[in-house]
Amino acid sequence: MDYRQSFGISAVGMSFERARVDVAAMNLANANTVREADGTGYQPLRVIARSAAPSTSFSDMIGEAGLFMIGNAGRSFSIEGVDKPARMVHEPGHPYADAKGFVAYPAVDSATEMVTMMSAMRAYEANVAAMNTARNLALKALEIGGGSN
């Protein structure tokens with residue numbers, strides 16, 4: 001059995017979940033960043049998983065090193081901006097308040113971002129456990145196959 005495929009699956013899962021944690025942390029860090037009057041400013045982000053073409057086999061998606069291609073051509077996910085209207089907060093004394101006293105903040109829901117971060121961290125840990133299990137199985141197989149001298 002080729003354990004490189006197991007390692008490749010876990011590696012892709014870990015890179016995807018790490019991107020989810022990074023994006024959630026970035027969204028939380030910029031949740032209270034003021035948007036300019038023209039709408040420019042921080043835009044919340046999401047990590048979107050990409051599936052391969054239906055005719056692509058799993059073996060074709062895995063490179064020779066046993067890892068998914070994470071480069072531009074074979075990237076398994078993308079990070080895209082979320083097009084949501086700004087969160088308007090009534091703060092008449094704020095320097096960026098509009099004529100009605102409202103300040104525009106990015107549409108970041110802190111509770112959703114925290115749940116995303118926690119679930120991504122748990123999924124990352126599960127991928128690490130799967131990779132460690134595959135490694136241990138490979139080592140045991142080598143140990144058994146080597147026999148006793």
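None of these values were measured; they are calculated from a predicted model.

**A look at the pattern of salt bridges**
When the charged atoms of two side chains lie near each other, side chains of opposite charge can form a pair.
Then, number 1: On inspection of all chains with the given rule, the structure shows five salt bridges.
Then, number 2: For Glu 125, the salt bridge identified is with Arg 122, shortest N-O distance 3.6 Å. Taken together, the residues span about one helical turn, with Glu 125 and Arg 122 both in helix H3 (residues 110–146) at a distance of three residues.

**Structural notes on the side chain of Ser 10**
Then, number 1: Examined against the element boundaries, Ser 10 turns out to sit in helix H1 (residues 4–29).
Then, number 2: Apart from the residues lying within four places of it in its own chain, the contact partners of Ser 10 are Asn 127, Ala 130 and Met 131.

**Some remarks on H1**
Then, number 1: If you check H1, its first and last C-alpha atoms are 37 Å apart, about what 26 residues at 1.5 Å a residue would give, namely 38 Å.
Then, number 2: Of all the residues in H1, the buried ones are Gly 8, Ser 10, Val 12, Gly 13, Met 14, Phe 16, Glu 17, Ala 19, Val 23, Ala 24 and Asn 27.
Then, number 3: On its buried side, H1 packs onto strand E1 (45–49), strand E2 (77–81) and H3.

**Describing the confidence of the model for the protein**
Then, number 1: Overall, the predicted model of the protein reaches an average pLDDT of 82, with 80% of residues at or above 70.
Then, number 2: The low-confidence segment residues 64–74, where pLDDT is below 50, has 25 contacts with residues more than four positions distant or belonging to other chains.

**With respect to the nonpolar core**
Then, number 1: Within the largest apolar cluster, seven residues are counted, these being Phe 16, Ala 19, Val 23, Tyr 42, Leu 45, Val 47 and Phe 77.
Then, number 2: For this core, the secondary-structure elements that each account for two or more residues are H1 and E1.
Then, number 3: The element contributing the most residues to this core is H1, with three residues.
Then, number 4: Aside from chain neighbours lying at most four places away, what touches Phe 77 is Ser 15, Phe 16, Ala 19, Val 47, Ile 48, Ala 49 and Arg 50.

**Some points on the environment of Lys 84**
Then, number 1: Mapped onto the secondary structure, Lys 84 falls in the loop between E2 and strand E3 (87–90).
Then, number 2: What Lys 84 contacts, discounting residues up to four positions off in sequence, is Arg 35 and Ala 107.

**Structural notes on H3**
Then, number 1: Taking 1.5 Å of rise per residue, 37 residues should cover 54 Å, and H3 covers 54 Å from first to last C-alpha, within 8% of that figure.
Then, number 2: Within H3, the full set of buried residues consists of Glu 113, Thr 116, Met 117, Ala 120, Asn 127, Ala 134 and Ala 138.
Then, number 3: In this fold, the buried residues of H3 make contact with H1 and E1.

**Observations concerning the side chain of Glu 113**
Then, number 1: Along the chain, the position of Glu 113 falls in helix H3.
Then, number 2: Of the polar contacts made by the side chain of Glu 113, one reaches the side chain of Asn 27; its length is 3.4 Å.

Procedures and definitions
- Residues numbered from 1 in each chain as written.
- Predicted model: local features only at pLDDT ≥ 70, side-chain atom pairs only at ≥ 80, totals over all residues.
- Heavy atoms only, no water.
- Salt bridge = Lys/Arg side-chain N within 4 Å of Asp/Glu carboxyl O.
- Helix = DSSP H or I, 4+ residues; strand = E, 2+ residues; numbered from the N terminus.
- Contact = heavy atoms within 4.5 Å.
- Expected span 1.5 Å × (residues − 1).
- Buried < 20%, exposed > 50% of the residue type's maximum accessible area, 1.4 Å probe, protein only.
- pLDDT = per-residue confidence, 0-100.
- Core = buried A, V, L, I, M, F, W, Y, C linked by side-chain atoms within 4.5 Å.
- Polar contact = N/O pair within 3.5 Å; in protein donor to acceptor, adjacent residues only side chain to side chain.

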